[in-house]
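Residue-level structural notes
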Amino acid sequence: MSQPLFKFKKTGLQTTVQDLGRQGLQQYGVVASGAMDPFALQVANVLVGNRRDEAALEIALMGPELDVLSSAVIAICGADLSPAINGKRAPMWKSFKVQAGDRITFGRPVAGVRAYLAVAGGYDVPVVMGSKSTYERANLGTVIEKDMTINGFDVSAHHGVGLIDREIPQYANPAHIRVVKGPDTDRFTEKGIETFYRQEHIVSPESDRMGYRLKSTEIPHKNGADIWSDAIPFGTIQVPANGQPIIMMADRQTTGGYTRIATVISVDLPKVSQLPPNSSIQFQPVNVNEAQKLAVNEEKFLGGLSLTSLTH
């Protein structure tokens, strides 16, 4: 049964509802959206007993202030944005109980930029085209506003379970990001490809959920930057005519017409999404087999998580 769960006293810088996105609809021009850090979202859900693809609140840099209206079991994973309950530091990567009358706040970003707040039973928000994810540019999903109330489902859940320290991701700067070769590498000069891998790229403050713009030494093309528009997977790295790479993120467009030099492997996408502006990235090439092996290992880890295997 659904009941009022949180009231937003402040909305934060960019607080949205996200799950794993609108799957299978890019061919119809529908933006996928979903969590920028799918790993943190899925772990948060497992910790509170949800399906891994349930929606959570994605909280960027400056978090919201939430008044708790009903008791619930929650978990906060991803970036350490100094979460607190009634002014006292809240645990991370661990489920715990909040009571009606509590206030959840966030403070100074310590590591990473995006946190995920999952609640046992999930949030009672509309499902649009098979997903609860918010895509504000097209007015899809739930837009968070000051003083609005979000509902949740009244379910009992275990709490006090979490990951052990070695399982918790470390958000490093500079970040070493593994990529597989893009489909348009033959459109770049040898020097351009060498420059792409050799240099440290700086994350521009203009980066957002659609794409991470990088400030780089110019990466030269052979015969221009334009291609026939083609599909854009999460993590595609486009290089337009100015030679400055853009990593396409969760709210990316469905197709694009710029040359694609590489694609970030799926297990390293969270590292990218947790980088603040002006941090640096170094790219490291890997082959598809290695990328797939790493993806399988992550899936085994996430699939194997259960309340019985988590620490108390």
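As a reminder, the structure under discussion sits directly above these lines.
Described below are features of the structure shown in this document.

Calculation rules
Residues numbered from 1 in each chain as written. Predicted model: local features only at pLDDT ≥ 70, side-chain atom pairs only at ≥ 80, totals over all residues. Heavy atoms only, no water. Salt bridge = Lys/Arg side-chain N within 4 Å of Asp/Glu carboxyl O. Buried < 20%, exposed > 50% of the residue type's maximum accessible area, 1.4 Å probe, protein only. Helix = DSSP H or I, 4+ residues; strand = E, 2+ residues; numbered from the N terminus. Contact = heavy atoms within 4.5 Å. Core = buried A, V, L, I, M, F, W, Y, C linked by side-chain atoms within 4.5 Å.

Within the structure shown, the criterion is met by 18 salt bridges. Of the charged contacts, one joins Asp-53 and Arg-51 as a salt bridge, the two residues approaching to 2.7 Å between their closest N and O atoms. The class for Asp-53 is partly exposed, based on a relative accessible area of 32%. The exposure class assigned to Arg-51 is exposed, which follows from its relative accessible area of 62%. Several salt bridges converge on common partners, so that one network encompasses Lys-10, Glu-65, Asp-67 and Arg-103.

With respect to the helices, strands and loops of the structure, Thr-195 is situated in helix α2 (residues 190-198). Residue classification places Thr-195 among the buried residues on the basis of a relative accessible area of 3%. Residues in contact with Thr-195, not counting those within four places in the same chain, are Thr-217, Glu-218 and Ile-219.

Before going further, it helps to spend a moment on the nonpolar core. Phe-6, Leu-57, Trp-93, Leu-117, Ile-247 and Phe-283 are the most contacted members of the largest nonpolar core, which has 77 residues in total. In contact with Phe-6, other than residues within four places in its own chain, are Leu-66, Asp-67, Val-68, Leu-69, Ile-74, Ile-104, Leu-117, Tyr-123, Met-148, Thr-149 and Ile-150. Of all hydrophobic cores here, the second largest spans 5 residues; its members include Val-180, Ile-265, Val-286 and Ala-291.

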